[in-house]
Amino acid sequence: MSSASGFKQLPHKLLVIPGPIEVSDEVAANLVEPGENALVLHSGYFGDSFSDCLQTYGAKVDVLKAKLGTAVELAAVEEALKQKKYKILTFTHVDTSTGVLSDAKSIAETVRRISPETLVVADCVCSVGSEEIRFDDWDLDIVLTASQKGLGTPPGLSIVLASQRALKIFETRATPVTSYYGSWKKWLPIMKAYEAGNPAYFATPPVNLIQSYLASLQQMTRTGPSLEERFRLHREASKRVKDAATELGLKQIALDPAFAANGMTTLYFPDGLGASDIIPRFAQRGVVIAGGLLAEIKDKYFRIGHMGVSVVGAERDDVDKIIRVLQESITEARRQKA
């Protein structure tokens, strides 16, 4: 975990915690005390996860749920902030279940204008590495992510970036943190020790994942394209995949390009076809895609990821292959059903 030393000059605190992203969701236990108000912006499955986690630790949760295929309207966020004092506002930057992109910059601007003390927490598991995120410029308080997806590391690391504002809230809380494993009281000393070049122990670190994460970060920051170029490549790849889907007559879950993530595409199955018609055909051609996740439409759509090395690797043709396999699979399935 010595790679943490590369972050020690930041005014913020980086925590790398072994475990799935749900460990990061326990930010609720560290920043929200029982009885305090929380506002969750819901654009898919992971809005439910945020809400459930916050309620588990005693928060009084209000949920603003967006129409399927869209993000929560800023006017609704503003109105909610005017009606009640919230300790924390959470949103999912890209909800993996719907492929919906929320406007992180505008959400943070709205919070700072209406309720500047409210902590802004962004779930960026499906956006780090593929979507623009400006932690300082947008005045975010927490960015949660994980090692998989855009960071190109096997799953198993939960990663948190916390602002000084959030750290002060944690340090001055009136009641003890009610989580054991997820408590920052356990993990902050570990990170501080490694930043200083000293070993420390709370839980057994997955050394293989740490080394893989380090290799991925070095690849992204030293040998790969710049971040600006990376964002551009993801936008271009996303447009190509979505344009190809449109040409096939497929409908996206995102109702407007402004709500469409650049690292993934979510598509409804064609009429008369389902998961068993499409997903195996992709697999037979060497492309793994995912079925639906959002309960209300779970069996009606599928998800294609296009992020990280599959997009920025100059020597690869992954995006070309995805488009070709999409075209072949849909055409073949339609022909067989005809």
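Basis of the calculations
- Residues numbered from 1 in each chain as written.
- Predicted model: local features only at pLDDT ≥ 70, side-chain atom pairs only at ≥ 80, totals over all residues.
- Heavy atoms only, no water.
- Helix = DSSP H or I, 4+ residues; strand = E, 2+ residues; numbered from the N terminus.
- Contact = heavy atoms within 4.5 Å.
- Polar contact = N/O pair within 3.5 Å; in protein donor to acceptor, adjacent residues only side chain to side chain.
- Salt bridge = Lys/Arg side-chain N within 4 Å of Asp/Glu carboxyl O.
- Buried < 20%, exposed > 50% of the residue type's maximum accessible area, 1.4 Å probe, protein only.
- Pairing = 2+ DSSP bridges.
- Expected span 1.5 Å × (residues − 1).
- Arc of directions from axis to C-beta.

Visitor: Describe the environment of Asp62, and please don't skip the residues or the numbers.
Guide: As for its position among the elements, Asp62 is in strand 3 (residues 60–65). Once the C-alpha coordinates of Asp62 and Ala290 are considered, the two residues, 228 residues apart in sequence, prove to be 30 Å apart. Apart from residues lying up to four places away in sequence, Asp62 is in contact with Ala38, Leu39, Val40, Lys84 and Tyr86. Side-chain polar atoms of Asp62 contact the side chain of Lys84, separated by 2.8 Å.

Visitor: Got a sec to walk through the pattern of salt bridges? Specific residues and values, please.
Guide: A side chain with one charge can pair with a side chain of the opposite charge if their charged atoms come near. Within the structure shown, the criterion is met by 22 salt bridges. A salt bridge links Glu236 to Arg232, with the shortest nitrogen-to-oxygen separation between them at 2.3 Å. Of this pair, Glu236 and Arg232 both sit in helix 9 (residues 227–247), separated by 4 residues, roughly a single helical turn. On the basis of relative accessibility, which here comes to 29%, the residue Arg232 falls in the partly exposed class. In this structure, Asp277 engages Lys337 in a salt bridge whose closest nitrogen and oxygen atoms are separated by 3.8 Å.

Visitor: Describe the sheet that holds strand 12 (residues 301–305), naming the residues involved and giving the relevant values.
Guide: In spatial order, the strands read 10-12-11; together these 3 strands make up an open sheet with antiparallel pairing. Strands with a single pairing partner mark the edges of an open sheet, and in this sheet they are strand 10 (264–268) and strand 11 (290–291). Summarising the sheet, strand 10 and strand 12 pair through 5 bridges and their orientation is antiparallel. Following the sheet pairing, Tyr268 is matched in strand 12 by Tyr301.

Visitor: How would you sum up the environment of Pro205? Please name residues and give values.
Guide: Note that Pro205 resides in the loop between helix 7 (184–195) and helix 8 (207–223). Its relative accessible area of 27% is what places Pro205 among the partly exposed residues. Expressed as a C-alpha distance, the spacing of Pro205 and Gly224, which sit 19 residues apart in the sequence, is 27 Å.

Visitor: Can you tell me about helix 8, naming the residues and giving the values?
Guide: Across its 17 residues, helix 8 extends 23 Å between first and last C-alpha, which sits within 8% of the 24 Å expected from 1.5 Å per residue. Taken as a whole, helix 8 has its buried residues at Leu209, Ile210, Tyr213, Ser216, Leu217 and Met220. Viewed along the axis of helix 8, the buried residues span an arc of 125°, placing them on a single side of the element. The exposed set on the far side of helix 8, more than 90 degrees from its buried face, consists of Val207, Asn208, Arg222 and Thr223. Of the surrounding secondary structure, the elements contacted by the buried residues of helix 8 are strand 1 (13–18), strand 9 (157–162) and helix 9.

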